[in-house]
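Breakdown of the fold
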Amino acid sequence: MFIKALLSGIFIGCSVSFCIITNKLSESNEYGNYSGGFRSYAELDTIIEEESIIPFSLFRRQARKKQP
Amino acid sequence: MIIDCPACGAGLMFDPESGKMKCEACESTFEPYELEDDFEKRGQKELQHEEKKNTGSSSGLKLAGGAIGAAVEQAVEQTTPVRPTFNPEPVFNPESDFDHPVYDHANIYSQEDYNVTDDNEETMECNIYTCTSCGAEVAINDVEASTFCSFCGQPTVVFNRVASQKKPKYIIPFSVTKERAISVIRQRLNKGFYVPEDIKNFEIERVRGIYIPFWLYDIYYHDSQYLKGTVGSGKNSHTYYYYREADCNFTKLTLDASKQLNDETSQRLEPYETKDIKEFSLEYLSGFYADTYDVNTSQLDGLALSRARNLFQEAVNNTVNAHDIRVLKNNPDFKIIKTEYAMFPAWFLTFRYENIPYTLLVNGQTEKIIGGIPYDRAKVTTSFAIIAAIISVFITMILYVMLQDPDEDTMKMIMTFVFFGITGLGIGLNNLKKVKESMALTSLSSTNNYVKNRGK
């Protein structure tokens, strides 16, 4: 019982610690990720938006009927 | 050619702080466009003079092997490729123990080996430019448009490269000074807990302000897509279907036009604020290095469309309120409307750590720093061990108590802990991978050579 708890505890402790340390490392030592996202270059002119929970084949048939 | 100060005749350089041309000698300042007409006329005269002399940058020379010094000497004396003389007959050495003739080392190659049109032979192409300040013959590569004279240190613009051959349409001038770039990097390094002390007190090996060539694309993109996404999680999740049809006009989508600079590095410098873009003028180059493009638009069209497609998809996915989004069917239509050539600024700062050169970049407009720094292994290991020990003891105690009387809820709780552990491991590995990739980019030899192989 104790061994199971200990092994699980060590695994979880090391994983969480690894996540925290690498996160801090990224903040400390890594500079300038790519940030030239969509907004830097354009605006999206959305013409049509449809959404549905019905099966795809039915949805597609409906969408085709609505298209000009 | 040097841009002369109208007041005292010394060399003018572009000052990022004031946005004007400044004379280091008499501290006079001028608007860049004020001097444009005079500079253009002088440039054209010098171009004609160089063409008459026939030792200007229009005559490229191919030479076999040798250092750049030797190349300059030979280039000054000769204007056509030269095959070295040789004697194909062996030189007999009677003192040799062998009974076959001994070949003199210098004559060991045959005529064919010196064929200057042979593609396998190592050659070096260089262009010779005459400094208008001191008259020195300076060797420059195929793409340099602005540099410093290796002999007198004066900033010099290779007029014909940017006046006629490959004239940019736009430029974003430097607004970050060299001192500010160094200061910004030092401040950032000092904040880093895992940055080694040797790096925090680094000695700068080289700082270069370089205008990087870019192609700016205007692209029209239209697509109609059927998408699938998941709303909710676990037992409450549902699959939804979406239809999106949209137009998009990309303006000034930037693509790096230099073969030597790594594309990942130049992409990370983005975004540049194109509202500050100005019509190109030669004066902005003075005091900085600059390269003309060596990648044509025909080589970049595919990449530009790929970027436009990815950005479009990112925008469409943002309109879908679901996760695990997949495109089921689409019908894209696109057109490249125009391409324009521009130069954008960046500071390159090189230092050494454990005998490896690292190059950090600073966006010359926005002060964004690009790079990955090596970490202090001892600090990282100690921090990891301390945090892991504390969390392990805490979790072990909780689990031990819970396992005394295990029921269904207890097992669910334990599975949640284990799930957090696995997720943490995954996130940690992803973070470490990104840090290693950044470090690899910063120590890339091509970036170091991009900075190193320049005059002063």
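Residues numbered from 1 in each chain as written. Chains lettered and ligands numbered in written order. Predicted model: local features only at pLDDT ≥ 70, side-chain atom pairs only at ≥ 80, totals over all residues.

1. Let's talk about the pairing of strand S2 (residues 20-23) of chain B
All names here are of chain B. Let me state the cut-off plainly: Two strands pair if DSSP finds at least two bridges between them. Going along the chain from the N terminus, every DSSP run of H or I of four or more residues is numbered as a helix, and every run of E of two or more is numbered as a strand.
Here four bridges tie strand S1 (residues 12-15) to S2, and the two strands are oriented antiparallel to one another. Bridged to Phe 14 within S2 is Met 21. Between S1 and the antiparallel strand that follows it, S2, lie four residues; Gly 19 among them carries a positive phi value of about 75°. Relative to strand S3 (residues 29-30), S2 runs antiparallel, the two being bridged by two bridges. Following the sheet pairing, Met 21 is matched in S3 by Phe 30.

2. Details of the domain arrangement of chain B
Accessible area lost when the parts come together is the quantity often used to give the size of an interface. Residues and elements named next belong to chain B. Here is the rule: Throughout the structure description, domain borders are defined by an automatic or database domain assignment. What counts as a contact is two residues whose backbone-derived C-beta atoms lie within 7 Å of each other. Three classes are used, and their members are as follows: Ala, Val, Leu, Ile, Met, Phe, Trp, Tyr, Cys and Pro are nonpolar, Asp, Glu, Lys and Arg are charged, and the others, Gly among them, are polar.
Along its sequence, chain B is organised into domain 1 (1-81 + 116-165) and domain 2 (178-370). The interface of domain 1 with domain 2 comprises 20 residues on the first partner and 14 residues on the second. Grouping the constituent residues of the side of domain 1 that touches domain 2 by class yields 14 nonpolar, two polar and four charged.

3. A short note on the packing of helix H8 (residues 377-404) of chain B against helix H9 (residues 408-442) of chain B
Residues and elements named next belong to chain B. We count it as follows: Axes here refer to lines fitted to C-alpha atoms; in helices the fit is confined to the stretch in contact. Angles between the N-to-C directions go from 0 to 180 degrees. Should an angle fall under 35 degrees it is taken as roughly parallel, and over 145 as roughly antiparallel, whereas 65 to 115 is taken as roughly perpendicular and any remaining angle as oblique. By the definition used in this description, the sense in which the near helix is turned from the far one sets the handedness, with an anticlockwise turn below a right angle giving left-handed and a clockwise turn giving right-handed.
Taken N-terminus to C-terminus, the directions of H8 and H9 make an angle of 160°; their axes are 10 Å apart at the nearest point. With respect to their mutual orientation, H8 and H9 come out roughly antiparallel. The element H8 and its partner H9 pack so that their crossing is left-handed. Packed against H8, whose contacting residues are Ile 395, Leu 399 and Met 402, the element H9 presents Thr 410, Met 413, Ile 414 and Phe 417 at the interface. Across the contact of H8 with H9, the residue classes break down as six nonpolar, one polar and no charged.

4. Observations concerning the packing of helix H1 (residues 2-29) of chain A against H8 of chain B
At a closest axis distance of 6 Å, the pairing of H1 of chain A and H8 of chain B adopts a crossing angle of 145°. Viewed along their axes, H1 of chain A and H8 of chain B form a crossing whose handedness is right-handed. Looking at the contact of H1 of chain A with H8 of chain B, its residues break down into 20 nonpolar, seven polar and one charged.

5. Regarding the pairing of strand S14 (residues 323-330) of chain B
Residue and element names in this part refer to chain B. Let me state the cut-off plainly: Counting other C-beta atoms within 10 Å of a residue's C-beta gives its exposure: the residue is buried at 20 or more, exposed at 12 or fewer, and partly exposed in between, where C-beta atoms are placed from the backbone.
Where burial is concerned, little of S14 is hidden: zero out of the eight residues are buried. Sheet analysis places strand S10 (residues 204-231) next to S14, joined by five bridges and oriented antiparallel. Paired with Lys 228 across the two strands is Arg 326, which belongs to S14.

6. Description of H8 of chain B
To keep things clear, this is the line we draw: By this rule the span expected of a helix is its residue count minus one, scaled by 1.5 Å.
Taking 1.5 Å of rise per residue, the 28 residues of H8 of chain B would be expected to cover 40 Å, and the 40 Å separating its terminal C-alpha atoms lies within 8% of that figure. For H8 of chain B, the complete set of buried residues consists of Ala 388, Ile 391, Ser 392, Ile 395, Thr 396 and Leu 399 of chain B. Buried residues belonging to H8 of chain B abut H1 of chain A together with H9 of chain B.

7. Structural notes on H9 of chain B
Counting along an α-helix, one turn takes 3.6 residues, and residues three or four places apart therefore face a common direction. When the terminal C-alpha atoms of H9 of chain B are compared, their 51 Å separation across 35 residues agrees well with the 51 Å that a helix rising 1.5 Å per residue should span. Of the residues making up H9 of chain B, those classed as buried are Gly 421, Gly 424, Gly 428, Asn 431, Val 435, Ser 438, Leu 441 and Thr 442 of chain B. As for H9 of chain B, its buried residues are in contact with H1 and strand S1 (30-31) of chain A together with helix H6 (263-268), strand S16 (356-363) and strand S17 (369-372) of chain B.

8. A closer look at the interface of chain A and chain B
Taken residue by residue, the interface counts 52 residues in chain A and 63 residues in chain B. Every element with two or more residues in the side of chain A that touches chain B is listed here: H1, S1, strand S2 (44-52) and helix H2 (56-66) of chain A. Considering every element that reaches the side of chain A that touches chain B, the biggest residue donor is H1 of chain A, with 25 residues. Classifying every residue of the side of chain A that touches chain B gives 26 nonpolar, 18 polar and eight charged. Here S1 of chain A pairs with S17 of chain B via two bridges, running antiparallel. Looking across to S17 of chain B, one finds that Tyr 31 of chain A is bridged to Gly 371 of chain B.

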